[in-house]
Amino acid sequence: MPYLTGMNRTLDGRVALVTGAASGIGAATAELLSQQGATTYRADLAFSSSNGGELRLDVREEADWEQAIATVLEHEGRLDILVHSAGIAAASPLADTSLAEWRRVMATNLDGAFLATRHGIRAMRDAGGAIVLVGSVSGIQPSAGAAAYSTSKAGVGMLARAAAKECRELGLPVRVNAISPGGVKTSLWEAMPFFRDLVEKHGSSEAAFAAMEAHGGDRFAEPEQVARAILFLVSDSASHVTGVELPVDDGYTL
Ligand code: NAI
């Protein structure tokens with residue numbers, strides 16, 4: 001799919017690292033940043049090995065972050081953009097949520113965002129750069145039956161703001177923002193049993209999303225619609241924007 005056809009490429013000469021880039025929002029973002037001229041490294045747990053622009057990265061593991069950033073710096077000498085999209089969905093009532101399940105969600109969604117921010121700032125603190133963390137509307141308005149997920153995503157929003165304020169006060173030229181999407185048509189939903197039931201009932205993921213839209217009234221986004229908002233935040237168009245949690249939700253949180 002062609003993006004922004006006919007417009008100038010806004011990220012020529014930039015170097016980007018995108019996590020969760022094997023699927024969904026991360027994949028669409030990596031594609032868009034690349035089309036906009038950025039040399040883009042794609043990182044994901046789903047990649048079997050590191051090969052060229054694809055890096056195998058488990059966002060929960062600090063050693064993986066050190067390795068991934070070192071690889072980018074070794075080849076490119078710089079990192080200008082870090083988009084942290086890797087995350088997992090989870091849904092279970094609080095009384096039925098084990099401590100192990102709580103920790104599983106926090107490890108990927110919150111430890112991962114912490115390590116992204118920590119290592120992103122370390123890589124960018126001299127030459128400058130932009131970090132975008134992917135949160136969720138569930139971190140702004142709680143989702144019933146998904147307290148662990150909601151809490152992890154609320155943490156992501158605060159982490160972006162805290163990091164932005166700290167960079168500002170320390171005089172580090174790093175902008176940190178969060179994007180918080182509403183429902184997006186990605187494979188994230190396949191982790192939820194009720195969604196798998198809907199796919200079975202309606203015959204495809206697309207039909208399952210349509211059924212949810214008809215039932216709840218909220219429109220799902222295409223991953224590219226989220227990627228475009230991320231592009232804004234990492235580009236020079238947002239050079240004065242930091243510490244924002246931007247909902248990309250068709251007004252869901254209003
Ligand atoms: P997705 O499931 O299509 O992609 C997520 C990617 O993250 C996958 O490629 C997966 O392999 C990777 N990943 C998972 N755990 C990882 C780990 N430990 N280390 C490295 N990579 C890992 O899902 P989607 O929708 O693209 O999700 C991206 C982000 O957007 C997530 O943080 C999610 O919570 C958030 N989000 C998604 C929404 C949706 O409706 N799809 C709504 C709001 C937020």
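Here is a short report on the structure shown in this document. It should be emphasised that the depicted structure is a prediction, and the values quoted were computed from it without experimental measurement.

### Some remarks on helix 2 (residues 62-76)
Link 1 in the chain: The terminal C-alpha atoms of helix 2 lie 21 Å apart, and with 15 residues this matches the ideal 21 Å at 1.5 Å per residue to within 8%.
Link 2 in the chain: Within helix 2 the residues assigned to the buried category are Asp64, Trp65, Ala68, Ile69, Thr71 and Val72. Within helix 2, the buried residues cover an arc of 150 degrees as seen down the axis, which keeps them to one side. Exposed and oriented more than 90 degrees from the buried face of helix 2 are Ala63, Gln67 and Glu74.
Link 3 in the chain: Among the structural elements, strand 1 (15-19), strand 2 (39-44), strand 3 (54-56), strand 4 (81-84) and helix 3 (99-124) are those in contact with the buried residues of helix 2.
Link 4 in the chain: Positive phi shows up at Gly77, right after helix 2, with a value of about 75 degrees.

### What to know about the pattern of salt bridges
Pairing between side chains of opposite charge can happen when the charged atoms of each approach one another.
Link 1 in the chain: In the structure shown here, the tally under the stated rule is eleven salt bridges.
Link 2 in the chain: For Lys185, the salt bridge goes to Glu206, with nearest N and O atoms at 3.0 Å. Note that Lys185 is positioned in the loop between strand 6 (174-181) and helix 5 (193-202) and Glu206 in helix 6 (residues 205-216), a separation of 21 residues in sequence.
Link 3 in the chain: Classification of Glu206 as partly exposed rests on a relative accessible area of 48%.
Link 4 in the chain: Where Asp250 meets Arg219, a salt bridge forms, and the shortest distance between an N and an O atom there is 3.1 Å. One end of the pair, Asp250, is in the segment after strand 7 (245-248); the other, Arg219, is in the loop between helix 6 and helix 7 (223-234), and 31 residues separate them in sequence. For the residue pair Asp250 and Arg219, the accessibility class agrees, reading exposed in each case.
Link 5 in the chain: In the salt-bridge network here, residues are joined through shared partners; they are Lys185, Glu206 and Glu222.

### Some remarks on the site of the ligand
Link 1 in the chain: In the vicinity of the ligand there are 30 residues, among which Ser23, Asp44, Tyr149, Val184 and Thr186 approach most closely.
Link 2 in the chain: With respect to the ligand, the backbone of Leu45 contributes an N or O atom lying 3.3 Å from a nitrogen atom.
Link 3 in the chain: Within the backbone of Ser85, one N or O atom sits 3.0 Å away from an oxygen atom of the ligand.
Link 4 in the chain: When the ligand is considered free in solution it has 820 Å² of accessible area, and contact with the protein chains removes 92% of it.
Link 5 in the chain: Those elements that place two or more of their residues in the shell around the ligand are helix 1 (24-35) and helix 4 (147-170).
Link 6 in the chain: A class-by-class count of the residues in the shell around the ligand yields 14 nonpolar, twelve polar and four charged.

### Some details on the environment of Ala147
Link 1 in the chain: With respect to the secondary-structure elements, Ala147 resides in helix 4.
Link 2 in the chain: Taking the C-alpha atoms as reference, Ala147 lies 25 Å from Ala210; in sequence the two are 63 residues apart.
Link 3 in the chain: If we ignore the near neighbours within four places in the chain, the residues touching Ala147 are Leu94 and Trp102.

### Observations concerning the packing of helix 5 against helix 6
Link 1 in the chain: Following both chains from N to C, one finds helix 5 and helix 6 inclined at 110 degrees, their axes separated by 8 Å at the closest point. It follows from the interaxial angle that helix 5 and helix 6 lie roughly perpendicular. Residues Phe194, Phe195, Leu198, Val199 and His202 of helix 5 form the contact with helix 6, whose participating residues are Ser205, Ala207, Ala208, Phe209, Ala211 and Met212.
Link 2 in the chain: Tallied by class, the residues present in the contact of helix 5 with helix 6 amount to nine nonpolar, two polar and no charged.

### Some details on the sheet that holds strand 3
Link 1 in the chain: Taking strand neighbours across the sheet as the criterion, the seven strands line up as 3-2-1-4-5-6-7 in an open arrangement whose pairing is parallel. In the strand order of this sheet, the two ends are held by strand 3 and strand 7, each with one partner. With direction set aside, neighbouring strand axes in the sheet form an average angle of 20 degrees.
Link 2 in the chain: Here four bridges tie strand 1 to strand 4, and the two strands are oriented parallel to one another. When the bridges of strand 4 are listed, Val18 appears paired with Val83.
Link 3 in the chain: Against the sheet, helix 2 engages strand 1, strand 2, strand 3 and strand 4, with an angle of about 155 degrees to strand 1.
Link 4 in the chain: Across the sheet, helix 4 is in contact with strand 5 (129-134), strand 6 and strand 7; its angle to strand 6 comes to roughly 160 degrees.

### What about the side chain of Asp44?
Link 1 in the chain: Looking at the element boundaries, Asp44 is found in strand 2.
Link 2 in the chain: Buried charge without a partner: Asp44 forms no salt bridge, and the closest opposite charge is Arg56, 8.4 Å away.
Link 3 in the chain: Within polar-contact distance, the side chain of Asp44 engages the backbone nitrogen of Ala46 at 2.8 Å.
Link 4 in the chain: If sequence neighbours within four positions are ignored, Asp44 has contacts with Gly20, Ala21, Ala22, Ser23, Leu55, Arg56 and Leu57.

Conventions we followed
- Residues numbered from 1 in each chain as written.
- Predicted model: local features only at pLDDT ≥ 70, side-chain atom pairs only at ≥ 80, totals over all residues.
- Heavy atoms only, no water.
- Helix = DSSP H or I, 4+ residues; strand = E, 2+ residues; numbered from the N terminus.
- Expected span 1.5 Å × (residues − 1).
- Buried < 20%, exposed > 50% of the residue type's maximum accessible area, 1.4 Å probe, protein only.
- Arc of directions from axis to C-beta.
- Contact = heavy atoms within 4.5 Å.
- Salt bridge = Lys/Arg side-chain N within 4 Å of Asp/Glu carboxyl O.
- Near = heavy atom within 4 Å.
- Polar contact = N/O pair within 3.5 Å; in protein donor to acceptor, adjacent residues only side chain to side chain.
- Areas by Shrake-Rupley, 256 points an atom, 1.4 Å probe, with all protein chains shown as cover.
- Nonpolar A, V, L, I, M, F, W, Y, C, P; charged D, E, K, R; others polar.
- Axes fitted to C-alpha atoms, helices over the stretch in contact; angles between N-to-C directions.
- Parallel < 35°, antiparallel > 145°, perpendicular 65-115°, else oblique.
- Pairing = 2+ DSSP bridges.
- Lys, Arg positive; Asp, Glu negative; His and termini not counted.

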